[in-house]
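Next come the chains, spelled out residue by residue.
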Amino acid sequence: MAVTTTLRDGIAVVTFDNPPVNGLGLDVRRGLAEALDAANADDAIHGVVVTGGGRFFSGGADIKEFNTPRAEQAPNLHDVIAAVESSAKPVCAAINGTALGGGLELALAAHYRVARRGTEVGLPEVKIGILPGAGGTQRLPRAVGLETALNMIVSGVPVAAERLDGSGLFDALVEGDAVEAAVALLRGRIAAGAAHPRLRDRQVEHDDAQAFLAWARMGVAAASRHYPAPPRCVDAVAASLRPFEEGIAVEREGFTVLINSPESRALRHAFFGERAASRIDDVGPDVKPRPVARVGIVGAGTMGGGIAMNFLNAGIPVAILETSQEALDRGIAAIRRNYEGSAKKGRITAAQVEQRMGLLTPTLDYAALADADLLIEAVYEEYAVKQAVFGKLDAVAKEGAILATNTSSLDVDRIAAFTRRPQDVLGLHFFSPANVMRLLEVVRGAKTVRDVLATAMAVAKTIRKTAVVSGVCDGFIGNRMIEQYARQATFLLEEGALPQQVDRAMEAFGFAMGPFRMGDLAGNDIAWAIRKRRYVERPDMVYAKNADLLCEMGRFGQKTGKGWYDYQPGDRTPHPSAEVEAMILEQSKALGITRREISDREIVERLVYALVNEGARILEEGIAARASDIDVVYLYGYGFPAWRGGPMFHADQVGLYNVLAAMRRYARGHRGETWEPAPLLVELAGSGRSFNDPVARPRAAAA
Ligand code: 3HC
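Okay, so let's go over this structure. The model shown is predicted, which means the values in this text are computed figures rather than measured ones. (Residues numbered from 1 in each chain as written. Predicted model: local features only at pLDDT ≥ 70, side-chain atom pairs only at ≥ 80, totals over all residues. Heavy atoms only, no water.)

Reading across the sheet, the 4 strands line up as β4-β6-β8-β9 and stay open at both edges, with mixed pairing between neighbours. The open sheet terminates on both sides in strands that have one partner only, identified here as β4 (56-58) and β9 (159-160). Bridging between strand β8 (residues 120-122) and β9 involves 2 bridges; their strand directions are antiparallel. When the sheet's bridge partners are listed, Glu-120 is paired in β9 with Ala-160. (Pairing = 2+ DSSP bridges. Helix = DSSP H or I, 4+ residues; strand = E, 2+ residues; numbered from the N terminus.)

A sheet is described by the order of its strands in space; here 8 strands give the open sequence β13-β12-β11-β14-β15-β16-β17-β18, paired in mixed fashion. Each end of this open sheet is capped by a strand with a single partner; those strands are β13 (360-363) and β18 (466-470). The average undirected angle you get between the axes of adjacent strands in this sheet is 25°. For strand β15 (residues 402-405) and strand β16 (residues 425-430), the ladder comprises 3 bridges, and the chain directions are parallel. When the sheet's bridge partners are listed, Thr-405 is paired in β16 with Gly-427. Here helix α13 (residues 325-344) sits on the sheet in contact with β12 (318-321) and β13, set at roughly 160° to β13. Contacts from helix α15 (residues 383-396) reach β11 (295-298), β14 (374-377), β15 and β16, with the element oriented near 165° to β15. (Axes fitted to C-alpha atoms, helices over the stretch in contact; angles between N-to-C directions. Contact = heavy atoms within 4.5 Å.)

Let us now look at the site of the ligand. Not every one of the 25 residues close to the ligand is listed here, only the nearest: Gly-102, Glu-105, Glu-125, Arg-275 and Arg-279. A distance of 2.8 Å is found between an oxygen atom of the ligand and a backbone nitrogen or oxygen belonging to Gly-102. Within the side chain of Glu-105, a nitrogen or oxygen atom sits 2.7 Å from an oxygen atom of the ligand. When residues of the shell around the ligand are traced back to their parent elements, those giving at least two are α4 (102-109) and α11 (262-276). Ranked by residue count, the leading element in the shell around the ligand is α11, at 3 residues. Along the lines of polarity and charge, the residues of the shell around the ligand split into 13 nonpolar, 5 polar and 7 charged. (Near = heavy atom within 4 Å. Polar contact = N/O pair within 3.5 Å; in protein donor to acceptor, adjacent residues only side chain to side chain. Nonpolar A, V, L, I, M, F, W, Y, C, P; charged D, E, K, R; others polar.)

And the structure:
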């Protein structure tokens, strides 16, 4: 970190450098305050340009400091902003790179702002559950108007500087170096003897502010259930119509409430968790990824087609292979249909549809995959089928090519052993629909070498996926846990609940869809096939019979018009089914269970703690490297409510002692044998720690 001052033409150019994003941590704030003081004390200096070195003007306040004493330690961000605004010598912010959050707020406190064309500015605080707390809600409306400011603050989406040209935010937009232009601008204003303007002295004008705000409040309330930040953003922006100091007081109050809210803590956990997931302990920056310029995909079904689209979208040519012309044509047509659908909705242009389709080479011949750098298999989930495919891939793929399986549950090491190059094999587990879902489980085989892993992580970034590394085990991180969740859901049916009650409870907890609606959407026959395999491989695993009976009744879900619910043709609305209810009641009777009233709380605890317990095992076995990786899997792949931060973070908030106590209670009830607590959970709960403690490392990985 460094804050340096250079002198240009009587103007002090203060540059702060704090890689990677020029966050405004304590050291930067101190350096800025000192540089400003020094400039004001020096008679040879007539004005000050403040700028960020590198790609960013500033990514904002240092989020890592939040809820620690450093955030408030003087000079805090308010002190620095006050010093800029009240500087006796005029200050101009030179925005050469992205200015976000506190970074933009710092610029808003300056007397002038010059930005390089092409840079982006924004107040993204709402995305981490807070509001802009350093004057942004008051100064931005004064610069760009009430409506634009409200949109920027409530959405958190950065906008290109050009879009705000002429709004009063920028005194100049320039093609080249903003610093040079800022120095020239200051020289001109100083020479003209002009008074140096402050945004706080402007008035926010709007023809019908109250009507606009009422409309905005309604929209925000509907879109942000469970999230306290967006309505607080509206309140603070609304207060910009009042005198500046009154508005700032509203902003401060909102910020203080939000920064301590569980929702903001959860969203910040997700923010750092997502970034931490891309780090692999033994794969440092010295391990260079292999180049991936061409991709081959085996299987043009829903999964293979969806996977292919990720690469086509990123401009990477794909050869896609099927076993019959008919299947190939069907797969290609589905991809085209998907793109044309996007074009109809205006998401891409007709030219982009053709450009992407032009990168796709359909083939029936493995030889066409010979020049691919990455080959991904997306065929039927059976070892014999995988063996045949990997044998052929091994024969044609060039040396150094990476061979990936998209299996969701089979043993990647066994698949790797079908080739003579297990070091180049790994799992790339995409989630359906593969072109939409952000999660990618990168499965590290026992023999996968480090640069293959590094390549997978780099590829994930290129195709804009959130990658999490998983070790090899049945179901990897996500599906291994979801099985425990689904099991508890069906046990609850045996005891007294009905699918609609379970779904309602989980949806009220925040899941987009309860387990039974989810089963109906995904196809109940898929889990049935897995259970059939388990009955052979893991006879010790206990399952409720009701899910099998459902499938025996042909109730596979939406695709058969009936599953846990009944469906009307062409309509996805679930209707409680009398037939299913009768089957469930019959099952309870057969088990000799007197059905009882089950509370929503019990439903939520049993399903979520089942995830947590299996997550703890995954962690202690070193299948996941850190608890936040598990949370990221659940947030991006399974619709776990973002404002709860993922199952492991949620358990930490409940308190592991309480989680364990609840599990022990459930262990005394129906199917109690499924509640054997994971040793790691017992250990952490016993020592008052949590999964996300920095010291709570999995023992296997720490060994
Ligand atoms: N504070 C602390 N660390 C930050 C940070 C911040 N504001 N922004 C990014 N980082 C860290 C990331 O954690 C990551 O660290 P790592 O390398 O150790 O994992 C590193 O910087 C690089 O981040 P990305 O991988 O995200 O890099 P990208 O180039 O893809 O994106 C970015 C950069 C657009 C700045 C993105 O990181 C981002 O959106 N950051 C958050 C911006 C934000 O929310 N700013 C507002 C902060 S709150 C605030 O200012 C309060 C004020 O109103 C009082």
